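# Fold and contact review
Next come the chains, spelled out residue by residue.
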Amino acid sequence: MTEHAGFDWDDRYLLGYNAMDDTHREFVSLVNALLTVDDAQLPAALDAFAAHAEDHFAQENSWMEADGFPARDCHVDEHDKVLASVREVQQLLAEGNVEVVRELAVALMEWFPGHADYMDSALALWMVKRSHGGAPLVFRRETAKNR
């Protein structure tokens, strides 16, 4: 097994919409598992991530559909591309390619911050504005990196 750095939650990912923030914490945890579990545990970890991604993206897609989110199509396209990649990697893993799962995890770790910062933050703002009439409040813990 090749050693891979993990993917840890950081409060900079908070968007101020609790349902989304909770799902994002789970996303980070499951990607971390893809990076850090033993090779023998990869099939279960990948299946857990795939199930999460299906539910996670379906939830966001339903929010966008129900509330008429303007940037819906672009956002859904990103979700669809991630899910297609996950399905492809599941097939490759079934054929014995273990390292491709680690590569997917690294790609997800690199993709997520930008997706959250741009796509999901806009959706969180839209959801909070429609339900409460204002912008989300986000309280982030100061980290050693920020001091």
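This text goes with the structure placed above it.
Predicted model only: the values in this text are computed from it and were never measured.

If you look at the biggest cluster of nonpolar residues, it comprises 29 residues, and the most contacted ones within it are Val31, Leu34, Leu46, Phe49, Val101 and Leu108. For this core, the secondary-structure elements that each account for two or more residues are α1 (18–36), α2 (42–67), α3 (72–94) and α4 (99–132). Tyr17, Phe69, Met127 and Val128 belong to the second-largest nonpolar core, a separate cluster that totals 11 residues.

Looking now at the packing of aromatic side chains. For any pair of aromatic rings, the description consists of the separation of the ring centres together with the inter-plane angle of the planes. On inspection of all chains with the given rule, the structure shows 10 aromatic pairs. Taking 5.5 Å as the distance between ring centres and 70 degrees as the angle between the ring planes, the aromatic pair formed by Trp9 and Tyr13 counts as edge-to-face. Residue class for Trp9 comes out partly exposed when judged on its relative accessible area of 24%. Given a relative accessible area of 5%, Tyr13 falls into the buried group. For the ring pair Tyr13 and Phe112, a centre distance of 5.2 Å and an interplane angle of 75 degrees mean the geometry is edge-to-face.

Turning our attention to the packing of α2 against α3. Two elements in contact, α2 and α3, have axes whose closest approach is 10 Å; the angle formed by their N-to-C orientations is 165 degrees. Overall, the two elements α2 and α3 adopt an arrangement that is roughly antiparallel. Between α2 and α3 the crossing geometry is left-handed. Class assignment for the residues of the contact of α2 with α3 results in 14 nonpolar, four polar and six charged.

Once that is clear, we can look at the pattern of salt bridges. On inspection of all chains with the given rule, the structure shows five salt bridges. In this structure, Arg102 engages Asp39 in a salt bridge whose closest nitrogen and oxygen atoms are separated by 2.6 Å. Linking Arg102 in helix α4 with Asp39 in the loop between α1 and α2, this pair joins segments that are 63 residues apart in sequence. Owing to a relative accessible area of 1%, Arg102 belongs among the buried residues under this scheme. Exposure remark for Asp39: the relative accessible area of 30% places this residue in the partly exposed category. The salt bridge involving Glu65 is made with Arg72; its shortest N-O contact spans 2.8 Å. A relative accessible area of 52% places Glu65 in the exposed class. A residue is classified by how much of its surface remains accessible, and Arg72, at 25% relative accessible area, is partly exposed.

Right, let's talk about the side chain of His52 for a bit. Structurally, His52 can be placed in helix α2. A polar contact is formed between the side chain of His52 and the side chain of Glu26, at a distance of 3.4 Å. Setting aside residues no more than four positions away along its own chain, His52 makes contact with Thr23, Glu26, Phe27 and Leu30.

The end-to-end C-alpha distance of α2, which contains 26 residues, comes to 37 Å, matching closely the 38 Å that a straight helix rising 1.5 Å per residue would cover. Downstream of α2 by one or two residues, Gly68 has phi in the positive range, about 65 degrees.

Next up on the list: the packing of α1 against α2. It is at 9 Å that the axes of α1 and α2 come closest, and there the two elements cross at 160 degrees. One element, α1, and the other, α2, form an angle in the roughly antiparallel class. The crossing of α1 and α2 is left-handed. Contacts between α1 and α2 involve Ala19, Met20, Thr23, His24, Glu26, Phe27, Leu30, Val31 and Leu34 from the former and Leu42, Ala45, Leu46, Ala48, Phe49, His52, His56, Glu60 and Trp63 from the latter. Here the contact of α1 with α2 is built from residues that sort into 12 nonpolar, four polar and two charged.

What counts, and where the lines are drawn
Residues numbered from 1 in each chain as written. Predicted model: local features only at pLDDT ≥ 70, side-chain atom pairs only at ≥ 80, totals over all residues. Heavy atoms only, no water. Core = buried A, V, L, I, M, F, W, Y, C linked by side-chain atoms within 4.5 Å. Buried < 20%, exposed > 50% of the residue type's maximum accessible area, 1.4 Å probe, protein only. Helix = DSSP H or I, 4+ residues; strand = E, 2+ residues; numbered from the N terminus. Phe/Tyr/Trp six-rings, centres within 6.5 Å; stacked < 30°, edge-to-face > 60°. Axes fitted to C-alpha atoms, helices over the stretch in contact; angles between N-to-C directions. Parallel < 35°, antiparallel > 145°, perpendicular 65-115°, else oblique. Left-handed = near helix turned anticlockwise from the far one by under 90°. Nonpolar A, V, L, I, M, F, W, Y, C, P; charged D, E, K, R; others polar. Salt bridge = Lys/Arg side-chain N within 4 Å of Asp/Glu carboxyl O. Polar contact = N/O pair within 3.5 Å; in protein donor to acceptor, adjacent residues only side chain to side chain. Contact = heavy atoms within 4.5 Å. Expected span 1.5 Å × (residues − 1).

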